[in-house]
Amino acid sequence: LRGPDAPLWREANGDELERLLHTNTLCPIHLRDQPAFARGLTTYYNPQVKEKLDLKGNKTRRVRGTFGGNKCVYDGPTSSPVADLAVIKLHWHTVVSDRRNHGTNTRYATIDIKDFYLGSTLPKAEWIRIPVANFPEETLVKHSLNQFVVKGHILFRVDKTMYGHPVAGRIANKDLVDHLAENGYIQDDNIPCLFSHITSNISFTLVVDDFGVKYTHDADLDALVSVLEKKYKISIDRTGAKYIGIRLTWDYSANKLTIDMPNYVSTSITRLCPDGPPRPSRTPGIYLPPKYGAPNLGPTVDTSPLVSVDDKKFIVEVVGTFLFYARMVDHTMLP
């Protein structure tokens, strides 16, 4: 907000607040109407920002208004499953395998749910205070918010599973799984987030709100889309060109799939080493080659000093950045 793109970021933040109001995630409340016990539990608005490139390569700005979860009193389970990377890759393989070995017209599509979290309801209301300066004037007028302003802030009751709430993901996932089950799409008993239909020849993996769908008949895909549209706003890509950040190039004529992550390595190196990657050094590491047949086969003790906190953070960031790429695209990096 202090930079040259401040007007664009204010617009993105205003769009996010409008979305939270439009979906009834936030409900403005007069301070006098807030229960006394809840006043000490009121949390803050924590906008998370991100720059992305659209399909045409243009930079876009996104703000996600999140709930200050550290002030929330909740001690129940919070985790929710996602499809394992190995399951996703095996699922891709079966598309090609079925076509090659069984002569089917199996294809792949992807589906994304819009505003996924905002489609579920919290078990109990929460409270958040947002500075009025965050709101565009047109939003204040449209939703009659000026009457709720107290000391430069507006109090809201949070009714939906707003981003940042500890249990938001778990509730949203359960609602989705229940909705799918009601319509015949059952999660595998042993493999989390792998679904199939009780009668149709269709299956899909699920990562939060992203579906990777394997299907043989268009009618089966249309039926899944129809079921999801009963509850959610979705977008669908029938070419299956991208899933969980991986570009998928399907060649159905040759029964081949090519996966890649264009520019991932180069952009990561630029981000991690803005001054350019360091020159390789000949500094000896801690690895000692095995001496086969040697009598002493005990563990090697590393007596070198611990790295600094900053170095540790950098190492963790590098490993985290490239581990996903190595697991998905280039297995030779793993060793």
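Here, every reference points to the structure presented above.
These figures come from a predicted structure and were not determined experimentally.

What about the overall build of the chain?
Then step 1. Within the chain, the secondary structure is distributed over 7 helices and 15 strands.
Then step 2. On the principal axes, the C-alpha backbone points of the chain span a range of 80 × 60 × 40 Å.
Then step 3. Residue burial in the chain is summarised as follows: out of 335 residues, 37% are buried.
Then step 4. In the chain, the proportion of contacts linking residues at least 24 apart, taken out of those at least 6 apart, comes to 69%.
Then step 5. For the chain, the exposed surface amounts to about 20700 Å²; the carbon and sulfur share of it is 55%.
Then step 6. Measuring between centres, the 41 positive side-chain charges of the chain sit 3 Å from its 37 negative side-chain charges.

Notes on the pattern of salt bridges
Then step 1. Per the counting criterion, the structure on display carries 14 salt bridges.
Then step 2. Notably, a salt bridge pairs Glu126 with Lys124, separated by 3.4 Å at the nearest N-O pair.
Then step 3. Using a relative accessible area of 5% as the deciding quantity, one classes Glu126 as buried.
Then step 4. Residue classification places Lys124 among the partly exposed residues on the basis of a relative accessible area of 45%.
Then step 5. Measuring nitrogen to oxygen at the nearest pair gives 2.7 Å for the salt bridge that ties Arg238 to Asp222.

Section: the sheet that holds strand S11 (residues 210-215)
Then step 1. Taken together, the 6 strands give an open sheet; going across it, the order is S8-S9-S10-S11-S4-S12, and neighbouring strands pair in antiparallel fashion. Because the sheet does not close on itself, it has two edges, and the strands there are strand S8 (185-187) and strand S12 (233-237). Taken over all neighbouring pairs, the strand axes of this sheet differ in orientation by 25° on average, direction set aside.
Then step 2. Strand direction decides the pairing type here: strand S10 (residues 202-207) and S11, joined by 6 bridges, are antiparallel. Counterpart to Leu206 in the pairing with S11 is Phe211.
Then step 3. Across the sheet, helix H4 (residues 168-182) touches strand S4 (107-114), S8, strand S9 (194-197), S10 and S11, and the angle it forms with S8 is around 130°.

A few points about unusual backbone geometry
Then step 1. Of note in the backbone geometry, Asp115 takes a positive phi value of approximately 50° without being a glycine.
Then step 2. Of note, the phi angle at Lys151 is positive, near 50°, even though the residue is not glycine.
Then step 3. With respect to the element layout, Lys151 can be found in the loop between strand S6 (149-150) and strand S7 (153-160).

Brief notes about a nonpolar patch on the surface
Then step 1. On the surface, Val307, Phe314, Ile315, Val319, Leu323 and Leu334 cluster together into a nonpolar patch covering about 520 Å² of accessible area.
Then step 2. Turning to its location among the elements, Ile315 is positioned in helix H7 (residues 309-328).
Then step 3. The partly exposed category is assigned to Ile315, whose relative accessible area is 45%.

A few points about the environment of Thr300
Then step 1. Relative to the helices and strands, Thr300 resides in the loop between helix H6 (264-272) and H7.
Then step 2. Sequence separation between Thr300 and Phe211 is 89 residues, and the spatial gap between their C-alpha atoms is 46 Å.

Looking at the pairing of strand S5 (residues 121-131)
Then step 1. Sheet topology places strand S2 (residues 43-53) next to S5; 2 bridges connect them, and they run parallel. Directly across from Tyr44, in S5, lies its bridge partner Arg129.
Then step 2. Sheet topology places S5 next to S7; 7 bridges connect them, and they run antiparallel. Counted as the bridge partner of Ile130 is Ile154 from S7.

Some remarks on the sheet that holds strand S15 (residues 256-260)
Then step 1. Within the open sheet, the 3 strands sit side by side as S13-S14-S15. Their pairing is antiparallel. The outermost strands of the open sheet, each flanked by one partner alone, are strand S13 (242-243) and S15.

Details of the side chain of His165
Then step 1. If you trace the backbone, His165 turns up in the loop between S7 and H4.
Then step 2. Leave out the neighbours within four places in its chain, and His165 touches Phe67, Cys72, Leu122 and Glu126.

Things to note about the packing of helix H2 (residues 85-102) against H7
Then step 1. Between H2 and H7, the least distance of the axes is 10 Å, while the angle of their chain directions is 30°. Comparing their axes, H7 and H2 come out roughly parallel. The crossing of H2 and H7 is right-handed. Contacts from Leu85, Lys89 and Trp92 in H2 reach Phe324, Arg327 and Met328 in H7.
Then step 2. Residue composition of the contact of H2 with H7, grouped by class: 4 nonpolar, no polar and 2 charged.

Things to note about the packing of aromatic side chains
Then step 1. One pass over the structure, following the stated rule, counts 11 aromatic pairs.
Then step 2. Both rings, one in Tyr264 and one in Tyr325, keep their centres 5.5 Å apart while their planes meet at 5°; by these two values the pair is stacked. Note that Tyr264 is positioned in helix H6 and Tyr325 in helix H7, a separation of 61 residues in sequence.
Then step 3. On the basis of relative accessible area, Tyr325 is assigned to the buried category, the value being 13%.

Examining helix H1 (residues 6-22)
Then step 1. Between the first and last C-alpha of H1 there are 24 Å, a value that for 17 residues agrees with the 24 Å anticipated at 1.5 Å per step.
Then step 2. Regarding H1, the residues found buried are Ala6, Trp9, Ala12, Asn13, Gly14, Glu16, Leu17, Glu18, Arg19, Leu20 and Leu21.
Then step 3. Residues of H1 that are buried in the fold lie against strand S1 (26-28), S2, strand S3 (59-67), S5, helix H3 (137-142) and S7.
Then step 4. Just past H1, the residue Asn24 takes up positive phi, approximately 60°.

Each value, and the rule that gives it
- Residues numbered from 1 in each chain as written.
- Predicted model: local features only at pLDDT ≥ 70, side-chain atom pairs only at ≥ 80, totals over all residues.
- Heavy atoms only, no water.
- Helix = DSSP H or I, 4+ residues; strand = E, 2+ residues; numbered from the N terminus.
- Buried < 20%, exposed > 50% of the residue type's maximum accessible area, 1.4 Å probe, protein only.
- Contact = heavy atoms within 4.5 Å.
- Areas by Shrake-Rupley, 256 points an atom, 1.4 Å probe, with all protein chains shown as cover.
- Lys, Arg positive; Asp, Glu negative; His and termini not counted.
- Charge placed at Lys NZ, Arg CZ, Asp CG, Glu CD.
- Salt bridge = Lys/Arg side-chain N within 4 Å of Asp/Glu carboxyl O.
- Pairing = 2+ DSSP bridges.
- Axes fitted to C-alpha atoms, helices over the stretch in contact; angles between N-to-C directions.
- Patch = residues over 30% accessible without salt bridge, like charges linked within 9 Å, V, L, I, M, F, W, Y side chains within 5 Å.
- Parallel < 35°, antiparallel > 145°, perpendicular 65-115°, else oblique.
- Left-handed = near helix turned anticlockwise from the far one by under 90°.
- Nonpolar A, V, L, I, M, F, W, Y, C, P; charged D, E, K, R; others polar.
- Phe/Tyr/Trp six-rings, centres within 6.5 Å; stacked < 30°, edge-to-face > 60°.
- Expected span 1.5 Å × (residues − 1).

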